[in-house]
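As a plain string of letters, each chain reads:
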Amino acid sequence: MASGLLSRTLFAHRFLKSSSTSLSSTKPQFFSSVKKAFYSQAAPTYFSYKVVGSFTCCLASSRVGTMATFSTLAVSSNEPVVSVDWLHANLKHPDIKVLDASWYMPNEQRNPLQEYQVAHIPGALFFDVDGISDRTTNLPHMLPSEEAFAAAVSALGIENKDGVVVYDGKGIFSAARVWWMFRVFGHDRVWVLDGGLPRWRASGYDVESSASGDAILKASAASEAIEKVYQRQAVGPITFQTKFQPHLVWTLDQVWKNIEEGTYQQIDARSKDRFDGVAPEPRKGIKSGHVPGSKCIPFSQMLDGSQTLLSNEELKQKFDQEGISLDKPIVTSCGTGVTACILALGLHRLGKADVPVYDGSWTEWGGHPDTPVSTSTSEA
């Protein structure tokens, strides 16, 4: 209990250290009143927005003389990403919640919480990928229990009626993991911000360099809620009801069974060198190589140079090149279950919304003493 209190105190202290200034940009912003338009410096395009259903949809027009043709930029759960322009138009909608889910590999030596304090999308809350996880295992950021996830998300102020937009500091990286987590727990109204914070800033949109008192309390409360659930203590009001989707999560036993049956095509999102076993794993004590029968499509192949998701045609070509049939079942894996979700994101865009992720991924498989391992040498 003392250690939990200390961590929460330090968490709040790190938030409070930042200043209350906002980093402004020169790009003109939306006016506050609905139906007002603003002029984009990049092109003579005018924008307005209106409420359609429970969402605000951005309306864009390219003006030719005095004529303007509007197109509604609607959003659907069939599309896994939204653009920065869409989010900017909808940022203040009460049923849109934005989460900064930045997370980095240990060897990158980057602190996502500190980076959140330096710059985040206005109103965004911090989602701790490592913290909102299963506390009963030594494996990193494994999926938490339904009760724990519901408690943490409720503490963040998210309800089932909300649309959730998740972003990260790389473009599309760890945000895909949180997108998958929400879907595992039955929430389809979730999207990844295409291009993430880098694209948001490159588009000239404002960022905040401080967290509000409400954001501090909610982030701290989410961490505390996870601790309480695993310590079997009472938690606060639950505003988010989960509906577990077991078909979206795979275990070690399911992967082992699939080696024998070959029903699913397993795709590994790690680099080719790690997959082939010629590069060491970043975590100690983990064997090098891959699950027998699996194929390698590094997660970076799902993205373009600006770290946005490729088009349908480009994505399909990537899978075709590796002999992956979209007509057959697919399961994805990676190092710790993060970048495997980027493959699932790309496959979702192609209409495959039922792709499971092997949660433990290579850290679990490669760290197990009895699991079979293949390398480029063994398969030669």
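Just so it is clear, the model here is predicted, and its values are computed rather than measured. Every chain is numbered on its own, with residues counted from 1 as its sequence reads. Note on the predicted model: pLDDT of at least 70 is required for a residue's local features to be given, and 80 or more for side-chain atom pairs to be given and counted; whole-chain, interface and lining totals, by contrast, use all residues. The basis for every side-chain value is the complete set of heavy atoms in the structure, and neither hydrogens nor water enter the calculation.

Draft legend 1. Up close: empty space enclosed by the protein. Buriedness for pockets is judged along seven lines, at least five of which must meet protein on both sides within 12 Å for an open set on the 1 Å grid over protein atoms alone, while cavities are sets there where a 1.4 Å probe fits but cannot get out, and lining residues have an atom within 4 Å of a point. Grid points are joined across faces, edges and corners, and a volume is the space filled by probe spheres set on the points. For the structure on display, the rule yields one cavity of 30 Å³ or more. Within this model, the largest cavity holds a volume of roughly 30 Å³. Around the largest cavity, the lining residues are Arg 274, Glu 281, Pro 282, Arg 283, Ile 286, Gly 335, Trp 362 and Thr 363. Classifying every residue of the lining of the largest cavity gives three nonpolar, two polar and three charged. Basically, the charged four are Asp, Glu, Lys and Arg, the nonpolar ten are Ala, Val, Leu, Ile, Met, Phe, Trp, Tyr, Cys and Pro, and anything else, Gly included, counts as polar.

Draft legend 2. Seen up close, the packing of helix 4 (residues 146-155) against helix 7 (residues 213-230). It is the contact of helix 4 with helix 7, at a shortest axis distance of 7 Å, that shows an interaxial angle of 160 degrees. When the axis of helix 4 is compared with that of helix 7, the two are roughly antiparallel. Seen along the crossing, helix 4 lies across helix 7 with a hand that is right-handed. Taken together, the residues of helix 7 that come into contact with helix 4 (itself represented by Glu 147, Ala 148, Ala 151, Ala 152 and Ala 155) are Lys 218, Ala 221, Ala 222, Ala 225, Ile 226, Val 229 and Tyr 230. The angle between two axes is taken between their N-to-C directions and runs from 0 to 180 degrees, where each axis is a line fitted to C-alpha atoms and a helix contributes only its stretch in contact. Runs of H or I in DSSP of at least four residues are treated as helices and runs of E of at least two as strands, each being numbered from the N terminus. With respect to orientation, any angle under 35 degrees is reported as roughly parallel, any angle over 145 as roughly antiparallel, any angle of 65 to 115 as roughly perpendicular, and every other angle as oblique. With the far helix as reference, a near helix turned anticlockwise by less than a right angle produces a left-handed crossing, and one turned clockwise produces a right-handed crossing. Any two residues having at least one pair of non-hydrogen atoms within 4.5 Å are treated as being in contact.

Draft legend 3. Here's a closer look at the pattern of salt bridges. Criterion for a salt bridge: a side-chain nitrogen of Lys or Arg within 4 Å of a carboxyl oxygen of Asp or Glu. Across all of its chains, the model carries 14 salt bridges by this definition. A salt bridge links Lys 97 to Asp 162, with the nearest nitrogen and oxygen atoms 2.9 Å apart. One end of the pair, Lys 97, is in strand 7 (residues 96-100); the other, Asp 162, is in the loop between helix 4 and strand 9 (163-167), with 65 residues separating them in the sequence. When accessible area is computed with a 1.4 Å probe and restricted to protein chains, residues below 20% of their type maximum are described as buried, those above 50% as exposed, and intermediate ones as partly exposed. With a relative accessible area of 0%, Asp 162 lands in the buried category.

Draft legend 4. Broad picture of the sheet that holds strand 7. Read across the sheet, five strands follow the order 6-10-9-7-8 without closing on themselves; strand pairing throughout is parallel. Single-partner strands in this sheet number two, and they are strand 6 (81-82) and strand 8 (125-126). A pair of strands is considered paired only if DSSP assigns at least 2 bridges between the two. Direction of pairing for strand 9 relative to strand 10 (residues 190-193): parallel, over a ladder of three bridges. Bridge assignment links Val 165 to a residue of strand 10, and that residue is Trp 191. Most of the contacts of helix 5 (residues 175-184) go to strand 10, to which it runs at about 175 degrees, and overall it touches strand 7, strand 9 and strand 10.

Draft legend 5. Representation of unusual backbone geometry within the structure. Of note, His 141 is a non-glycine position whose phi angle comes to about 35 degrees, a positive value. Looking at where His 141 falls in the secondary structure, it is placed in the loop between strand 8 and helix 4. On the accessibility criterion, His 141 (4% relative accessible area) is buried. Positioned with a positive phi, Arg 232 is a non-glycine residue whose angle comes to about 60 degrees. Turning to its location among the elements, Arg 232 is positioned in the loop between helix 7 and strand 12 (249-250). Assessed through its relative accessible area of 81%, Arg 232 is described here as exposed.

Draft legend 6. Local environment of the state of the cysteines. Note on terminology: pairs of cysteine sulfur atoms within 2.5 Å are recorded as disulfides. Inspection of every chain in the model, using the stated rule, returns zero disulfides. Between Cys 334, a cysteine without a disulfide, and Cys 341, which holds the nearest cysteine sulfur, the sulfur-to-sulfur distance is 6.7 Å.

Draft legend 7. Looking closely at the packing of helix 5 against helix 11 (residues 340-349). Orientation of helix 5 relative to helix 11, taken along the N-to-C sense of each, is 70 degrees, at an axis distance of 8 Å. The angle between the axes of helix 5 and helix 11 places the two elements in the roughly perpendicular class. Every pair of crossing elements has a handedness; the one defined by helix 5 and helix 11 is left-handed. Two secondary-structure elements touch here, helix 5 through Ala 176, Arg 177, Trp 179, Trp 180 and Arg 183 and helix 11 through Cys 341, Ile 342, Ala 344, Leu 345 and His 348. Tallied by class, residues from the contact of helix 5 with helix 11 come to seven nonpolar, one polar and two charged.

Draft legend 8. A look at the confidence of the model for the protein. Averaged over every residue, the pLDDT of the protein is 83; residues scoring 70 or more account for 80%. Confidence over residues 1-73 falls short of pLDDT 50; this stretch has 146 contacts with residues more than four positions distant or in other chains. Summary of the metric used: pLDDT quantifies the predictor's per-residue confidence within the range 0 to 100.

Draft legend 9. The arrangement of the pairing of strand 15 (residues 330-333) in detail. Along strand 15, one buried face is formed by Ile 330 and Thr 332 and the opposite face, lined by Val 331 and Ser 333, is buried too. Pairing geometry for strand 13 (residues 265-268) and strand 15, over four bridges, is parallel. When the bridges of strand 15 are listed, Ile 267 appears paired with Thr 332.

Draft legend 10. Examining the packing of aromatic side chains more closely. Two aromatic rings, drawn from Phe, Tyr or Trp (for Trp, its six-membered ring), form a pair once their centres lie within 6.5 Å of each other, and the interplanar angle then sorts them: stacked below 30 degrees, edge-to-face above 60, tilted otherwise. The tally for this structure, following the rule as stated, stands at twelve aromatic pairs. Here the aromatic rings of Tyr 116 and Phe 126 are separated by 5.6 Å at their centres, their planes lie at 50 degrees, and the arrangement is tilted. Remark: Phe 126 occurs in strand 8 and Tyr 116 occurs in helix 3 (residues 112-118); sequence separation between them is ten residues. Residue Tyr 116 is classed as buried on the basis of its relative accessible area, which comes to 1%. Of the residues examined, Phe 126 reaches a relative accessible area of 6% and is grouped as buried. By the ring-pair criterion, three or more aromatic residues cluster together here, those being Phe 127, Phe 149, Phe 182, Phe 185, Phe 240 and Phe 244. The criterion is that NZ of a Lys, or CZ of an Arg, lies within 6 Å of the ring centre and within 35 degrees of the ring normal, and then a charge sits over that ring. Positioned over the ring face of Tyr 104 is Arg 110, at 4.0 Å from the centre of the ring. A cation over a ring is seen here: Lys 170 above Phe 173, with NZ or CZ 4.2 Å from the ring centre.

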